[in-house]
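The lines below spell out each chain.
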Amino acid sequence: MDGSIKVNELVKTYKGEVKAVQGVSFEVKEGEFFAFLGPNGAGKSTTVQILTTLVKPTEGEILVGGINVKENPESVRRNIGVALQETGIDSVLTGRELIEMQARLFGFSKKEAKARAVELLNLVDLTGDADRPSGKYSGGMRRRLDLAMTLVHNPKILFLDEPTTGLDPMNRQAIWKEIKRLNKEEGTTIFLTTQYLEEADQLADRISIINEGKIVASGSAEELKRTLGFDAIQLTFENLEEADHASKVLDGLGENIEQTKHEVTIYTENGTKLLSELVRNLDEENLSPKTLNVKPPSLDDVFINVTHKKKERV
Amino acid sequence: MKSSFFLDTLIYSKRSIITILRNPFIFIPNLFISLFFLLVYEGGLSGISELPAFDGANYLAFILPVSIVSAAIGGAGGAGQALVNDLETGFFSRLLLTPSSRLAIVLGPIIAGMLQLLIQTILILIIAYFLGLEIAAGFGGILIVLLLTLGWGLAFAGYSVGIALRTKNAQSAQAGTFIFFPLIFLSTTFVPYELIEANWLKIATVINPTTYLFEAMRSVFIDGWEFWPLAKGFLVIALLCAVTITFSAISASKAVSAD
């Protein structure tokens, strides 16, 4: 048992119809902080469910901690901790009871389970509320309890599916602090999916982006930004009409164009070179942007670019 | 099966029992309805036991099985409800992510439901005793009635758990419990078979497995030890259990493996 993940040509087909995952391969080293990103419906959740033994793969070899998930799911479960976005908590039991029960299910004796609960409640700062039914907890407290339950058996690999979605900044920070500590101090491998790209940018050693069931980009945040090789020219307009108009006029100028409300972004290999042509085009149509920025790409830009549907590309 | 199967089952059963105890509204309405049946039907209908078809039987003894069986259905249905609740909140996934026995996850609520049903039945019997119930088969008869109730409860728990794991949502599982009405009322619920007028109801009564359960219990309360009603009662329950437990086992293995 180690803390690595190896996925080779993973395919998942549901009932012979939808190919949710189409031949995905990647590797996560022991102690690595890995972020797995992708738009909704890209195959992200399915992949996580397969790696955590909840769903069986159709094809491919998947080793989690060196153990084959298909052949020996129970051993895999003993070695991983999973905080899925949709996992709930029994609202009748107290925080303490839930952690103790979880510990018992992982083979702790009654005494060990009690001791572990005290430790973990303290770790996630829930000692004061340990004996209240978890149904009375706030969203942030529940998420912290969920994390504590996930950590009961000191897993070597931690799967976190959007662990901070919907949390206030304070709870988000608390969760990140603990996850960072686990990764840095205890060498726990982290497999993270998140909607907040800046989280992945700051925390992850390596990132893979999945789109339409395939991996479309892999590397460190810096590498990804560099390989993108694009600059982003960002324009904002006074109103939606102008922005729409500008979108039409500038379409075809760069490699890719993206509009969100009043903001139009053009991705191009060399931003400064394109600038004069861009301004001329706008002038001809009597359009003047409120702001204009040329910047190197952010992880958001990488994400949008690699997950953008091909047909919308120029 | 791994070695911790019994321990896991114990842990899950304990959790389900705690859940029931902390939510008295899981069992109070159910017990209330059963006692309501007993008191209202006994109070309002007991006069009809003067009819010759009743053979001089006490109406309390005649109607008591209806009360016991309706309580059993409620108790056993709770097992399915508990699982639906876990499925809807996502707690079920969390349990699947532990290395615990898959079977134990499903058995826990069933065992808790059976315990609940046993206690309910004993309570109903005690109240019936104070209302003047005499059991022709004596103390051994009580054990037979408890055994029949448990068997029936298990069959219904199998059904409710199967429906729960298949539909995975509370409304559908709730709809599934409506089978309660034909099971309880399309039978010799209020009067013996000979007094049922409508032909369709006679046919339904013969098909309805509950009829054989009622008859078995009544034979113990009213006639003492008689072979055939008990044999038929236990046989019907065994068959039902075989069907519904197979159904729930198949549904459970689908729900936990998620292909």
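Treat the numbers as computed from the prediction; the structure is a model and nothing was measured.

A. Molecular detail of the packing of helix 2 (residues 28-45) of chain B against helix 3 (residues 59-89) of chain B. Residue and element names in this part refer to chain B. Contact geometry for helix 2 and helix 3: axes closest at 8 Å, N-to-C directions at 160°. By the angle between their directions, the pair helix 2 and helix 3 is classed as roughly antiparallel. Handedness of the helix 2/helix 3 crossing: right-handed. Every residue of helix 3 that contacts helix 2 at N30, S34, L35, F37, L38, Y41, E42 and L45 is listed here: Y59, L60, I63, L64, V66, S67, S70, A71, G74 and G75.

B. Focus on the domain arrangement of chain A. What the domain assignment lists for chain A is domain 1 (5-222) and domain 2 (230-296). The centre of domain 1 of chain A, based on its C-alpha atoms, is set 40 Å off from the matching centre of domain 2 of chain A.

C. Geometry of the layout of surface pockets. Residue and element names in this part refer to chain B. By volume, the largest pocket is sized at about 860 Å³. Residue lining of the largest pocket: 37 residues in total, with I26, G74, G77, G78 and Q81 positioned closest to the centre. Contributing elements (two or more residues each) for the lining of the largest pocket: helix 1 (5-22), helix 2, helix 3, helix 5 (102-130) and helix 8 (180-185). The greatest single-element share of the lining of the largest pocket, amounting to twelve residues, is contributed by helix 3.

D. Main features of the sheet that holds strand 9 (residues 206-211) of chain A. All names here are of chain A. Strand order across the open sheet formed by six strands is 6-7-8-3-9-10, with mixed pairing between neighbours. Looking along the sheet, the strands with just one partner apiece sit at the ends: strand 6 (80-83) and strand 10 (214-219). Taking the axes of each pair of neighbouring strands and ignoring which way they run, one obtains an average angle of 15° across the sheet. By the bridge criterion, four bridges tie strand 3 (residues 33-37) to strand 9 in an arrangement that is parallel. Paired with L37 across the bridge in strand 9 is I209. In the packing of helix 1 (residues 44-51) onto the sheet, contacts are made with strand 3, strand 6, strand 7 (157-161), strand 8 (189-193) and strand 9, and the angle to strand 8 comes to roughly 150°. Packed onto the sheet, helix 5 (residues 139-151) meets strand 6 and strand 7 and runs at close to 165° relative to strand 6.

E. Region of interest: the interface of chain A and chain B. Contact residues are listed per partner, giving 29 residues for chain A and 25 residues for chain B. Of the roughly 2500 Å² buried where chain A meets chain B, counting both sides, 61% is carbon and sulfur surface. Taken together, the links from chain A to chain B amount to three salt bridges. Taking the shortest distance from any N to any O, the salt bridge between D90 of chain A and R15 of chain B comes out at 2.5 Å. Seen at the junction of chain A and chain B, the total is eight residue pairs in polar contact (both at pLDDT 80 or more). Sorting the residues of the side of chain A that touches chain B by element identifies strand 1 (5-14), helix 2 (73-79), helix 3 (95-105) and helix 5 of chain A as the ones contributing at least two each. For the side of chain A that touches chain B, the class distribution of residues is 13 nonpolar, six polar and ten charged.

F. Representation of helix 5 of chain A within the structure. All names here are of chain A. When the terminal C-alpha atoms of helix 5 are compared, their 19 Å separation across 13 residues agrees well with the 18 Å that a helix rising 1.5 Å per residue should span. In terms of burial, helix 5 is largely enclosed, as ten of its 13 residues are buried. Of all the positions in helix 5, only G140, M141, R144, L145, D146, L147, A148, M149, T150 and L151 are classed as buried.

G. Molecular detail of the nonpolar core. Ranked by internal contacts, the top residues of the largest apolar core, which has 152 residues, are I5, F26, V64, F191 and I207 of chain A. For this core, the element with the most residues is helix 3 of chain B, which contributes 17 residues. Ignoring any residue separated from it by four or fewer positions in sequence, one finds V64 of chain A in contact with S4, I5, L51, V69, V76, I80, I157 and F159 of chain A. Ranked by size, the runner-up nonpolar core spans 14 residues in total, among them I233, A246, L250 and I266 of chain A.

H. Highlighting the confidence of the model for chain B. Summing up the model confidence of chain B, the mean pLDDT is 88 and the portion of residues at 70 or higher is 98%. Put simply, helix 7 (residues 170-176) of chain B is where chain B has its lowest mean pLDDT, 79, and helix 1 of chain B is where it has its highest, 94.

I. Spotlight on the sheet that holds strand 12 (residues 256-260) of chain A. Residues and elements named next belong to chain A. With antiparallel pairing, four strands are arranged side by side in an open sheet as 12-13-11-14. The open sheet is flanked by strand 12 and strand 14 (291-295), the only strands paired with a single partner. Across this sheet, the average inter-strand angle for adjacent strands is 15°, counted without regard to direction. Pairing of strand 12 with strand 13 (residues 263-268) involves five bridges; the strand directions are antiparallel. Note on strand 13: the bridge partner recorded for I257 is I266. The strands touched by helix 10 (residues 271-284) within the sheet are strand 11 (231-236), strand 13 and strand 14, with strand 11 carrying the most contacts at an inclination of about 35°. Docked against the sheet, helix 11 (residues 299-307) engages strand 11, strand 12, strand 13 and strand 14, running at close to 75° with respect to strand 13.

J. Quick look at a nonpolar patch on the surface. A cluster of nonpolar side chains, contributed by F32, I33, F36, L39, V40 and L131 of chain B, occupies part of the molecular surface with about 560 Å² of accessible area. Along the polypeptide, V40 of chain B turns up in helix 2.

K. Quick peek at the packing of helix 3 of chain A against helix 4 (residues 110-123) of chain A. Residues and elements named next belong to chain A. Between helix 3 and helix 4, whose axes approach to 8 Å, the crossing angle comes to 130°. Here helix 4 runs oblique to helix 3, going by the angle between their axes. For the pair helix 3 and helix 4, the crossing hand works out as right-handed. Residues G95, R96, I99, E100, A103 and R104 of helix 3 lie in contact with helix 4, whose contacting residues are K110, A113, K114, A117, V118, L120 and L121. Along the lines of polarity and charge, the residues of the contact of helix 3 with helix 4 split into seven nonpolar, one polar and five charged.

L. Representation of the pairing of strand 13 of chain A. Residue and element names in this part refer to chain A. Counted residue by residue, strand 13 has five buried out of six residues, so it is predominantly covered. Here strand 11 pairs with strand 13 via six bridges, running antiparallel. Within the sheet, the bridge partner assigned to A232 lies in strand 13 and is Y267. Between strand 12 and strand 13, which pair antiparallel in sequence order, lie two residues; one of them, K261, sits at a positive phi of approximately 55°.

M. Spotlight on the packing of aromatic side chains. All chains considered together, the criterion is met by 20 aromatic pairs over all chains. A centroid spacing of 5.3 Å and a plane angle of 25° characterise the contact between F37 of chain B and Y41 of chain B, whose relative ring orientation is stacked. Here the residue F37 of chain B and the residue Y41 of chain B both occupy positions in helix 2, the gap between them amounting to four residues, near one helical turn. Here F37 of chain B falls in the buried class, since its relative accessible area comes to 10%. Where Y59 of chain B meets F62 of chain B, the ring centres are 5.7 Å apart and the plane angle is 25°; that geometry is what we call stacked. Taken as a pair, Y59 of chain B and F62 of chain B lie in helix 3 at a separation of three residues, close to a single helical turn. Here Y59 of chain B and F62 of chain B have matching classes, each one buried. Counting every residue linked through ring pairs, the aromatic cluster contains F37, Y41, F178, F180, F181, F185 and F190 of chain B. The ring of Y14 of chain A carries the charged tip of K12 of chain A above its face, separated from the ring centre by 5.1 Å.

How each quantity is defined
- Residues numbered from 1 in each chain as written.
- Chains lettered and ligands numbered in written order.
- Predicted model: local features only at pLDDT ≥ 70, side-chain atom pairs only at ≥ 80, totals over all residues.
- Heavy atoms only, no water.
- Axes fitted to C-alpha atoms, helices over the stretch in contact; angles between N-to-C directions.
- Helix = DSSP H or I, 4+ residues; strand = E, 2+ residues; numbered from the N terminus.
- Parallel < 35°, antiparallel > 145°, perpendicular 65-115°, else oblique.
- Left-handed = near helix turned anticlockwise from the far one by under 90°.
- Contact = heavy atoms within 4.5 Å.
- Domains from an automatic or database assignment.
- 1 Å grid on protein atoms, 1.4 Å probe; cavity = no way out; pocket = protein on both sides within 12 Å on 5 of 7 lines; lining within 4 Å.
- Points joined across faces, edges and corners; volume = space filled by probe spheres on them.
- Pairing = 2+ DSSP bridges.
- Buried area = accessible area lost by both parts, 1.4 Å probe.
- Salt bridge = Lys/Arg side-chain N within 4 Å of Asp/Glu carboxyl O.
- Polar contact = N/O pair within 3.5 Å; in protein donor to acceptor, adjacent residues only side chain to side chain.
- Nonpolar A, V, L, I, M, F, W, Y, C, P; charged D, E, K, R; others polar.
- Expected span 1.5 Å × (residues − 1).
- Buried < 20%, exposed > 50% of the residue type's maximum accessible area, 1.4 Å probe, protein only.
- Core = buried A, V, L, I, M, F, W, Y, C linked by side-chain atoms within 4.5 Å.
- pLDDT = per-residue confidence, 0-100.
- Patch = residues over 30% accessible without salt bridge, like charges linked within 9 Å, V, L, I, M, F, W, Y side chains within 5 Å.
- Areas by Shrake-Rupley, 256 points an atom, 1.4 Å probe, with all protein chains shown as cover.
- Phe/Tyr/Trp six-rings, centres within 6.5 Å; stacked < 30°, edge-to-face > 60°.
- Lys NZ or Arg CZ within 6 Å of the ring centre and 35° of its normal.

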